[in-house]
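Chain by chain, the residues:
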Amino acid sequence: MKRYRIALYPGDGIGPEVLDASLPVLEAAAERAGGFAFEFVRFPWGADYYFEHGRTAPEDFLEVLRPFDAIYLGALGDPGRIPDHITLDPLMRMRQGFDQYACLRPCRLFRGVPSPLARPGDIDLVVVRENSEGEYSICGGRVRRDEPEEVAIQTAVHSRRGVERILRFGFELARTRRRQLTMITKSNALRYGMVLWDEVLEALRPEYADVEADRMHIDAAAMDFVRRPARFDVVVASNLFGDILSDLAGAIIGGLGLAPSANINPPRRCPSMFEPVHGSAPDIAGRGIANPVTQILSGATMLEWLGEAVAAGMIRRAVDEALASGARTPDLGGRLTTVQMAEAVRRCVKEGC
Ligand code: NAD
Ligand code: IPM
Ligand code: MN
């Protein structure tokens, strides 16, 4: 029997709530699919750890995580107590340090869940976010601190290699879907970095002639996510644009409680990390009402990445069925708690609905 060693990184706020609720669902899928088991190792890193140790995770935390088959994360951030750029630092370090350059954020409209849009159509898209460089590059500085003349410089770094590999990833993914790719930039204004994106797309186009590829600027794309989202299949974007579009994609399918995320190291030299798109949601933390579905779907993607597509399919079908049969947390207008919602999904996994 295969054993997968999974690092659990629950984090802050609703992170531990949704992560803990999702584990019985993963276990049920493992049991029913058969042939593998999990070994979970839990790390207590985050805001509470910070107050005890002066940092949110140990200095060598990447080395601690490196041997694991995958990292399963809840959410980080405790903005009332610690500045976000401190609590979120380990997230950036994992993505960049483990070269998890492809961030996949699929969104589809579930049966029975209303979209806030007037004419949603058949939403089924995946945002492929460049996850290792771009606007999130840790490159810049501040001079004349606290003086009126203070200057802060934050440089976006777009490398030809970085742009090419994420576009290739997007093209390959499009080949497994509807063969349609939209690249999002702002090359009408950002004449260096984003024009490089345009040029790399054009260089790759002949190689992927079987995929219909078009380009949009981020402002127009944001409008079309609302106006005609069904036109999108694979959406490739830089780090920051992908971040913003993936929250919007979550919103149009009913909310962040339904939007999963995977931070993938495609060559598998380092562990990949699976987490919801949403954050620690301090506004509802501690009340047991967070929607666990995005965490559960992130777990399904983790299983698929580990090679357990059958178990992943069971979980996705169970989420479909649970939502279609009316199971809802308050963010979707229902009354179920986090644990009850996860239990509704687990039951469907177990009973094979
Ligand atoms: P958020 O995603 O935590 O919350 C935005 C809104 O969505 C809130 O109203 C929240 O209640 C709701 N929401 C989010 N997840 C939900 C769920 N599962 N069920 C029901 N409702 C849900 O974004 P924010 O408020 O801007 O950020 C809060 C903290 O989380 C900050 O510290 C931020 O930096 C951090 N953050 C972390 C991650 C991450 O760990 N990957 C991602 C985004 C934000
Ligand atoms: C996300 C989050 C992070 C990001 C923040 C918390 C640093 O918003 O995972 O989408 O911007 O990547
Ligand atoms: Mn985000």
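Everything below is about the structure printed above this text.
Residues numbered from 1 in each chain as written. Chains lettered and ligands numbered in written order. Predicted model: local features only at pLDDT ≥ 70, side-chain atom pairs only at ≥ 80, totals over all residues. Heavy atoms only, no water.

1. Quick word on the site of ligand 1
Thinking step 1. Close to ligand 1 lie 22 residues, the nearest being Asp84, Gly279, Ala281, Asp283 and Asn291.
Thinking step 2. In the complex, 72% of the free accessible area of ligand 1, which totals 800 Å², lies under the protein chains. (Near = heavy atom within 4 Å. Areas by Shrake-Rupley, 256 points an atom, 1.4 Å probe, with all protein chains shown as cover.)

2. What to know about unusual backbone geometry
Thinking step 1. One non-glycine residue, aspartate 99, lies in positive phi territory at about 45 degrees.
Thinking step 2. By relative accessible area, which is 22% here, aspartate 99 ends up partly exposed.
Thinking step 3. Phi is positive for arginine 144, which is not a glycine, with a value near 55 degrees.
Thinking step 4. Here arginine 144 is to be found in the loop between strand 6 (140–143) and strand 7 (151–154). (Buried < 20%, exposed > 50% of the residue type's maximum accessible area, 1.4 Å probe, protein only. Helix = DSSP H or I, 4+ residues; strand = E, 2+ residues; numbered from the N terminus.)

3. Some words on the pattern of salt bridges
Thinking step 1. This structure, assessed with the given rule, holds 35 salt bridges.
Thinking step 2. The salt bridge involving glutamate 147 is made with arginine 144; its shortest N-O contact spans 4.0 Å.
Thinking step 3. Judged by relative accessible area, glutamate 147 falls into the partly exposed class, the value being 39%.
Thinking step 4. Of the charged contacts in the structure, one is a salt bridge between aspartate 210 and arginine 175, with a shortest N-O distance of 2.8 Å. Here aspartate 210, found in the loop between helix 7 (193–204) and strand 9 (212–217), pairs with arginine 175, found in helix 6 (residues 160–175); they are 35 residues apart in sequence, far enough to count as distant.
Thinking step 5. With relative accessibility at 29%, the residue arginine 175 sits in the partly exposed group. (Salt bridge = Lys/Arg side-chain N within 4 Å of Asp/Glu carboxyl O.)

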